Amino acid sequence: MCGIIGIASDKSVSSNIINSLKRLEYRGYDSAGLATLNNNLIIEKKCSGRVEQLEKIIFESPVKGNIGIGHVRWATHGIPNTVNAHPHSSEIVSVVHNGIIENSDELKKKLEKEGVKFKSQTDTEVITFLITKALESSDPLDSVFLTLEKLKGSFALGILFKNHNNIIIGARRGSPLAVGYAKNENYLGSDSYALKSMTNKISYLDDGDVCVLNKDHIEFYNQKKTKINKKVLVLSDDARSISKGDYKNFMSKEIFEQPITIKNCMNEYIDKIRNQINLYDFPIQPDKIDKITLIACGTAYHSCLVAKYWFEEVTDLDVEVDIASEFRYRNIKFKKNNLYIFVSQSGETADTAAALELCKQNNAKTCSIVNVVESSIARLSDWVLPIHAGPEIGVASTKAFLGQLLVLYILILKISKIRGDVSEKEIIKKIDDLKKIPDALNQVLKIEDKIQVIAKDFVNAKGTMYLGRGLSYPIALEGALKLKELSYLHAEGYPAGEMKHGPLALIEDGLPVVVLAPNDKYFEKTISNMQEVIARGGKILLITDKHDEVISENLRFKLEIPFINYLLTPFIITVPLQLLAYHVASLKKCDIDKPRNLAKSVTVE
Ligand code: M6R
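Cut-off values and rules
Residues numbered from 1 in each chain as written. Predicted model: local features only at pLDDT ≥ 70, side-chain atom pairs only at ≥ 80, totals over all residues. Heavy atoms only, no water. Helix = DSSP H or I, 4+ residues; strand = E, 2+ residues; numbered from the N terminus. Rg over C-alpha atoms; globule rule 2.2 N^0.38 Å. Contact = heavy atoms within 4.5 Å. Areas by Shrake-Rupley, 256 points an atom, 1.4 Å probe, with all protein chains shown as cover. Lys, Arg positive; Asp, Glu negative; His and termini not counted. Charge placed at Lys NZ, Arg CZ, Asp CG, Glu CD. Phe/Tyr/Trp six-rings, centres within 6.5 Å; stacked < 30°, edge-to-face > 60°. Buried < 20%, exposed > 50% of the residue type's maximum accessible area, 1.4 Å probe, protein only. Lys NZ or Arg CZ within 6 Å of the ring centre and 35° of its normal. 1 Å grid on protein atoms, 1.4 Å probe; cavity = no way out; pocket = protein on both sides within 12 Å on 5 of 7 lines; lining within 4 Å. Points joined across faces, edges and corners; volume = space filled by probe spheres on them. Domains from an automatic or database assignment. Nonpolar A, V, L, I, M, F, W, Y, C, P; charged D, E, K, R; others polar. Arc of directions from axis to C-beta. Buried area = accessible area lost by both parts, 1.4 Å probe. Salt bridge = Lys/Arg side-chain N within 4 Å of Asp/Glu carboxyl O. Polar contact = N/O pair within 3.5 Å; in protein donor to acceptor, adjacent residues only side chain to side chain. Near = heavy atom within 4 Å. Pairing = 2+ DSSP bridges. Axes fitted to C-alpha atoms, helices over the stretch in contact; angles between N-to-C directions.

**Looking at the overall build of the protein chain**
Here's step 1: A tally of regular secondary structure across the protein chain gives 19 helices and 27 strands.
Here's step 2: At 25 Å, the protein chain has a C-alpha radius of gyration in line with the 25 Å of a compact globule built from 605 residues.
Here's step 3: On the principal axes, the C-alpha backbone points of the protein chain span a range of 80 × 55 × 45 Å.
Here's step 4: In the protein chain, 71% of the contacts between residues at least 6 apart in sequence involve partners at least 24 apart.
Here's step 5: Accessible surface computed for the protein chain: about 24,500 Å², of which carbon and sulfur atoms make up 48%.
Here's step 6: Taking the average location of the 78 positive side-chain charges in the protein chain and that of its 75 negative ones, the two points are 2 Å from each other.

**Focus on the packing of aromatic side chains**
Here's step 1: By the definition in use, this model includes eight aromatic pairs.
Here's step 2: Note on F118 and F129: the rings are 5.5 Å apart at their centroids and 80° apart in plane angle, and the pair reads as edge-to-face. Linking F118 in the loop between α3 (104-113) and α4 (125-134) with F129 in helix α4, this pair joins segments that are eleven residues apart in sequence.
Here's step 3: The buried category is assigned to F129, whose relative accessible area is 12%.
Here's step 4: Grouping aromatic residues by their ring pairs yields a cluster made of W310, Y409 and F571.
Here's step 5: Positioned above the aromatic ring of Y488, the side-chain terminus of R596 is 3.9 Å from the ring centre.

**Section: the layout of surface pockets**
Empty pockets left among the atoms are what a rolling probe the size of a water molecule brings to light.
Here's step 1: There is about 660 Å³ of room inside the largest pocket.
Here's step 2: Along its surface, the largest pocket is lined by 27 residues, and G174, D207, A353, A354 and E357 are the ones closest to its centre.
Here's step 3: The set of elements that each furnish at least two residues to the lining of the largest pocket consists of β7 (153-161), α11 (350-361) and α12 (376-380).
Here's step 4: The biggest single contributor to the lining of the largest pocket is α11, with seven residues.
Here's step 5: Structurally, the lining of the largest pocket is a two-domain feature, drawing no fewer than three residues from each of domain 1 (3-227) and domain 2 (241-435).

**Here's the deal with empty space enclosed by the protein**
Here's step 1: Tallied over the entire structure, the rule returns one cavity of 30 Å³ or more.
Here's step 2: Together, C2, R73, W74, A75, T76, H77, H86, H97, G99, T122, D123 and T124 line the largest cavity.
Here's step 3: Across the lining of the largest cavity, the residue classes tally to three nonpolar, seven polar and two charged.

**Thoughts on helix α15 (residues 437-445)**
Here's step 1: Looking at α15, one finds that the buried residues are I437, P438, A440, L441, V444 and L445. The buried residues of α15 all sit within an arc of 160° when viewed along its axis, so they share a single face.
Here's step 2: Residues of α15 that are buried sit in contact with α7 (250-256), α8 (258-269), α13 (399-419), α14 (424-434), α16 (448-459) and α19 (569-587).

**What to know about the domain arrangement of the protein chain**
Here's step 1: By domain assignment, the protein chain separates into domain 1 (3-227), domain 2 (241-435) and domain 3 (446-587).
Here's step 2: Spacing between the C-alpha centres of domain 1 and domain 2 amounts to 34 Å.
Here's step 3: If you look at the interface, domain 1 gives ten residues, while domain 2 gives seven residues.
Here's step 4: Here domain 1 meets domain 2 over a buried area of about 740 Å², counting both sides, of which 53% is carbon and sulfur.
Here's step 5: On the surface where domain 1 and domain 2 come into contact, there are zero salt bridges.
Here's step 6: Applying the counting criterion to the domain 1 and domain 2 interface returns zero residue pairs in polar contact (both at pLDDT 80 or more).
Here's step 7: The residue makeup of the side of domain 1 that touches domain 2, split by class, is six nonpolar, one polar and three charged.

**Digging into the site of the ligand**
Here's step 1: Near the ligand you find 15 residues, and of these S344, Q345, S346, T349 and E485 are the closest.
Here's step 2: The separation between an oxygen atom of the ligand and a polar side-chain atom of S346 is 2.6 Å.
Here's step 3: Residue S397 places a main-chain N or O atom 2.8 Å away from an oxygen atom belonging to the ligand.
Here's step 4: Computed on the free molecule, the ligand has an accessible area of 410 Å², of which 91% lies beneath the protein chains in the complex.
Here's step 5: Listed by contribution, the elements that provide at least two residues to the shell around the ligand are α9 (298-314) and α17 (472-487).
Here's step 6: Residue composition of the shell around the ligand, grouped by class: six nonpolar, seven polar and two charged.
Here's step 7: Mapping the shell around the ligand onto the domain boundaries places at least three of its residues in each of domain 2 (241-435) and domain 3 (446-587).

**Topic: the environment of A353**
Here's step 1: Considering the arrangement of structural elements, one finds A353 in helix α11.
Here's step 2: Spatially, the C-alpha atom of A353 lies 29 Å from that of I18, the residues being 335 residues apart in sequence.
Here's step 3: Residue contacts for A353: discarding those within four places in its chain leaves I377 and L380.

**Comments concerning α3**
Here's step 1: Along α3, the residues classified as buried are S104, L107, K108 and L111. Down the axis of α3, the smallest arc covering the buried residues is 100°, so these residues share one side. Opposite the buried face of α3, by more than 90 degrees, sit the exposed residues D105, K109, K110 and K113.
Here's step 2: Looking at the buried positions of α3, the neighbouring elements they touch are β6 (93-101), α4 and α5 (140-150).
Here's step 3: Directly after α3, the chain includes G115, whose backbone phi takes a positive value near 100°.

**Description of unusual backbone geometry**
Here's step 1: Cis geometry is adopted by the peptide bond preceding P87, which originates at H86 and carries an omega value of 0°.
Here's step 2: By the secondary structure assignment, P87 is in the loop between β4 (67-73) and β5 (88-89).
Here's step 3: The backbone of K225 shows a phi angle near 70°, a positive value even though the residue is not glycine.
Here's step 4: Within the secondary structure, K225 sits in the loop between β13 (218-221) and β14 (227-228).

**With respect to the sheet that holds strand β21 (residues 365-370)**
Here's step 1: Taken in spatial order, the five strands line up as β19-β18-β20-β21-β22 in an open sheet, and their pairing is parallel. Single-partner strands in this sheet number two, and they are β19 (318-323) and β22 (383-386). Across the sheet, the axes of successive neighbouring strands diverge by a mean angle of 20°, strand direction being ignored.
Here's step 2: As paired elements, strand β18 (residues 291-296) and strand β20 (residues 338-344) share five bridges and run parallel to each other. Across the sheet, the residue bridging to K291 is N338, located in β20.

So this is what it looks like as C-alpha cells:
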C-alpha cells in the first residue's frame with residue numbers, strides 16, 4: 001500500500017506535503033516522512049507513527065525547500081520504525097515508493113558486494129542505490145530507466161536528485177500514480193484525492209510510464225522511453241463530503257450516510273417515474289452471456305457472494321464468485337460467453353486489478369463496479385458502473401458495501417429483464433421495493449442505543465460467531481469481518497447449518513453468538529441451529545425481521561429490523577452489524593478510522 005506525494009513549486013513545499021500526506025493516510029499510517037532539496041542538500045525527516053507526529057517534528061524544526069517528496073507507509077519489508085520509514089536517501093538521491101520489489105534480496109546482495117551499506121530493512125533502499133550507481137554515468141532520466149529494467153514487482157516511485165534540483169521523476173508499474181497541474185506548481189501523487197486540495201487538473205500514468213516534472217512543466221515517457229502525451233482530466237468538486245462534520249469519526253458518518261448514499265445511487269440508475277432501470281451503453285449483449293464470474297476482495301467479495309444468491313433467485317445464469325488473490329493464479333478456462341465482474345470500492349486493490357488484467361489478456365468481457373471512477377480498475381474494464389457513494393475514508397468499508405449491493409442488484413434486474421427471466425411486472429414491483437430501502441435504513445439506525453448496550457457483552461469475550469443461511473450467510477461473514485477489523489476480537493462467520501460439522505465445538509458457556517434469522521425460507525432451520533448453540537451455553541444476539549414474541553425465549557438480546565422483501569434483507573441486516581462492530585471497538589478504545597495493521601487501499605499483493 002503506502003501513499004506517495006511529490007511537489008515542485010516556486011515556494012516552500014513542506015506544509016503542502018504534510019497536508020497531502022494526511023489525505024493519503026488511508027493508504028498506510030505506520031510511519032511517515034518527507035525529503036526536500038534546499039541549497040543543493042537533501043533534507044530528510046521521518047518518524048514512526050502518524051503524519052501528525054511528522055507535522056510536530058517539522059513544526060519544531062522547519063524544513064525549507066521548493067521541491068520535495070513525502071510518504072505514508074504500510075510496512076511490507078521491515079518493521080514500522082523511523083529507519084524503515086521513507087524517503088530512502090543516498091548522498092544524491094531520495095526515493096519514495098509504493099509497492100513491493102520482489103527481487104530486492106538478490107539486488108541488495110549484489111549492491112553490498114559493490115560496497116553499498118544499507119541502513120534499512122526495506123526493499124525500497126535498493127532503488128535508491130541502483131539509481132545512485134546509474135547516475136555515475138547517466139543523467140537522471142536514463143538512470144531511472146536503467147534501474148526500472150532491473151526491478152521485479154510493483155511500484156509507484158517519486159525521486160529527487162541533489163544535483164538536478166528542479167525535477168522530480170515519477171514512475172509506475174502496478175501501483176497507481178497521478179500527476180496534477182497548477183500555476184507555478186506541479187504534483188505527483190498516489191491518487192487524485194491526495195492532490196485535490198491543490199488542483200483539480202489530473203493525468204494518470206499507465207503501467208510502464210515515467211514522468212519528469214518541474215514547477216512549470218510535466219513530460220511523460222512510455223516504457224520504451226518515447227515521449228507521450230497525456231489526457232488532462234478535470235475532477236469534480238466533492239470536497240464537502242470529505243469532512244467528518246459533527247461525527248466523531250468518518251466511520252460513524254459513513255454508517256449514518258447510508259440512507260442518502262442509497263438514494264443517490266438509486267437516482268443514478270433508476271427512472272423513478274417510469275420505474276425503469278437506466279443502464280446504458282451495455283457493451284455486452286446480456287442475452288449472449290451464459291455465465292457470470294464475480295471477483296473481489298474483503299468486503300467487496302462479500303457483496304459478490306450476496307449477488308450470487310440474487311442471480312440464482314432471479315436468473316437462470318450460472319454464477320461463480322472468486323477471491324481475486326486466488327483467481328489471478330488459477331488456471332482459468334476463459335470462455336467467450338462469460339462475463340467477469342470486478343467489485344472494488346477503491347478501484348486500486350492490487351489483487352483485483354491483477355485478476356482484471358488477466359481477463360483482459362485473455363480477451364474476456366469485463367465490467368467493474370467501483371466507487372472511485374478515476375481508478376485503475378475502472379479505467380481498465382470494458383464497462384464501469386460507479387456506486388456513487390462519495391469518498392469513503394474509514395478503513396472499514398460500510399456505505400460502499402451497501403452501494404455495491406445496490407448496483408449489483410440493479411444490474412441483476414437489468415440482465416434478468418433482457419434475458420426474459422423476470423417479467424416487466426415483477427421488475428416494477430422489485431423497483432418499488434428498492435425505493436423503500438432508505439426509510440428502512442433510517443429506521444434501523446434508530447436502534448443504535450440498544451446496540452451500544454449489547455456491545456458491552458462483546459468487549460471481554462474470548463471470541464464470537466456470526467451465523468446465517470442463504471442471503472444472510474455472506475452478511476454473517478461481513479459482520480464478522482467488521483468486528484475483527486475494528487475491535488481486534490476473534491470473530492467467525494459461518495453458514496448456520498455447518499456448525500454441527502465442527503465449529504459447534506467452539507461454543508462454551510457465555511460465548512456471544514450473533515444469529516441472523518430473517519423471515520425467509522431458512523427461518524425455521526436457522527432457529528433450530530440457534531437452539532443448538534443455546535443448548536451449549538451460547539449467549540445469543542438474534543437479529544430478525546420476523547416480529548414475533550415466541551422466539552424470544554432463551555435469548556440474551558433480540559433486535560427487530562424492518563422487512564421489505566426477503567431479497568432486500570441484506571441491505572437492512574448489515575447495518576446493526578456495522579454498529580455493533582463500531583461500538584465494541586469504541587468501548588475497547590480502538591482507532592475506529594484506522595484499525596491497526598490495515599490500510600484503506602490495498603495496492604500490494
Ligand atoms: O477497495 P476494495 O473494495 O477493492 O477493497 C477490498 C478490501 O480490501 C476491503 O473491502 C476491506 O476488506 C475492508 N477494509 C473491509 O472493511
